[in-house]
Amino acid sequence: MRLKPTVPLDNLLSQDGLAYYYGPVFSTDEADRYFHRLLETIDWKNDEVFIFGKKIITKRKVGWYGDEGISYTYSRVTKKALPWTPELLELKAVAEEITGETYNSCLLNLYHNGEEGMGWHADDEKELKKDGAICSLSFGAPRKFIFKNKQTKNTLSILLEHGSLLLMKGPTQTNWQHRLPPVKSVTAPRINLTFRTIAEY
């Protein structure tokens, strides 16, 4: 049975953006089921990124899914969206119902353990809808997620729990960066889905 938020949420960010953490929006059993189905059904590939002009193959794996014809370029690599799977369509419907937004694509990340993370970045690629909503669903090991204001350098940390939902919208990507720091004590895997809207395709 899916859990639903029952009270209005406070904006996590002190200024220059909008971010709302709903906590777990699925029961543990349902979150477990989605975690294992995503592990089995997503076409996971090692990600390719360019750092200081050098091509790096990450241990972290990714999947890129969406409406027909959608592509997405980040770190100088262009990905063509694969067709939605049944589970992704179910999760997309949940994300749209809870957030009141619509999405046409989803980037998935598989972190095999806490040694795999993500450095400081903003989801501000030119293809993305300007100030559009990004809905993040997390399954598996809880992990710390950190925001940093680009101007003030102020930071904010939250713990993304199993089955939880985080919504970022408005000027958040313009004014804030975020990261998933490595944590060696975490030995279990985590899957993160970020539903988003590609405007140019």
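Data block above holds the structure.
Figured I'd write up the structure that's included with this text. (Residues numbered from 1 in each chain as written. Predicted model: local features only at pLDDT ≥ 70, side-chain atom pairs only at ≥ 80, totals over all residues. Heavy atoms only, no water.)

Tallied over the entire structure, the rule returns 7 salt bridges. For Glu87, the salt bridge is made with Arg37, and the minimal N-O distance between the two is 3.0 Å. A residue pair is termed long-range when its members are at least 10 positions apart, and Glu87 in helix 2 (residues 86–99) and Arg37 in helix 1 (residues 28–41) qualify at 50 residues. Among the residues examined, Glu87 registers a relative accessible area of 9% and is labelled buried. (Salt bridge = Lys/Arg side-chain N within 4 Å of Asp/Glu carboxyl O. Helix = DSSP H or I, 4+ residues; strand = E, 2+ residues; numbered from the N terminus. Buried < 20%, exposed > 50% of the residue type's maximum accessible area, 1.4 Å probe, protein only.)

For the rest of this paragraph, the subject is the layout of surface pockets. To locate leftover empty space, one rolls a probe as large as a water molecule over the atoms. In this model, the second largest pocket occupies a volume close to 190 Å³. What lines the second largest pocket is a set of 15 residues, among which Asp123, Leu128, Lys129, Lys130 and Asp131 lie closest to the centre. Residue composition of the lining of the second largest pocket, grouped by class: 3 nonpolar, 5 polar and 7 charged. (1 Å grid on protein atoms, 1.4 Å probe; cavity = no way out; pocket = protein on both sides within 12 Å on 5 of 7 lines; lining within 4 Å. Points joined across faces, edges and corners; volume = space filled by probe spheres on them. Nonpolar A, V, L, I, M, F, W, Y, C, P; charged D, E, K, R; others polar.)

Here we come to the packing of helix 1 against helix 2. With their axes 10 Å apart at the nearest point, helix 1 and helix 2 run at an angle of 140° to one another. Between helix 1 and helix 2, the angle is such that the two are oblique. Every pair of crossing elements has a handedness; the one defined by helix 1 and helix 2 is left-handed. Of helix 2, the residues touching helix 1 (which contributes Arg33, Tyr34, Arg37, Leu38 and Thr41) are Glu87, Leu88, Glu90 and Leu91. Of the residues that constitute the contact of helix 1 with helix 2, the class distribution is 4 nonpolar, 1 polar and 4 charged. (Axes fitted to C-alpha atoms, helices over the stretch in contact; angles between N-to-C directions. Parallel < 35°, antiparallel > 145°, perpendicular 65-115°, else oblique. Left-handed = near helix turned anticlockwise from the far one by under 90°. Contact = heavy atoms within 4.5 Å.)

Looking now at the pairing of strand 1 (residues 18–24). Strand 1 sits mainly inside the fold: 5 of its 7 residues count as buried. In this structure, strand 1 lies alongside strand 11 (residues 164–169), joined through 6 bridges in antiparallel fashion. Within strand 11, the residue paired with Tyr20 across the bridge is Leu167. (Pairing = 2+ DSSP bridges.)

We now examine the environment of Lys184. Locating Lys184 in the fold gives a position in the loop between strand 12 (176–180) and strand 13 (190–196). For Lys184, a relative accessible area of 71% translates into the label exposed. For the pair Lys184 and Glu115, spaced 69 residues apart in sequence, the C-alpha separation works out to 5.2 Å. If sequence neighbours within four positions are ignored, Lys184 has contacts with Gly114 and Glu115.

Turning next to the nonpolar core. Of all hydrophobic cores here, the largest spans 30 residues; its most connected members are Phe139, Leu193 and Phe195. Mapped onto this core, the elements with two or more residues apiece are strand 1, helix 1, helix 2, strand 6 (105–111), strand 8 (134–140), strand 11 and strand 13. Ranked by the residues each element gives to this core, the list is headed by helix 2, at 5 residues. Counting 11 residues, the second largest nonpolar core, distinct from the first, contains Tyr21, Ile134, Ile158 and Trp176. (Core = buried A, V, L, I, M, F, W, Y, C linked by side-chain atoms within 4.5 Å.)

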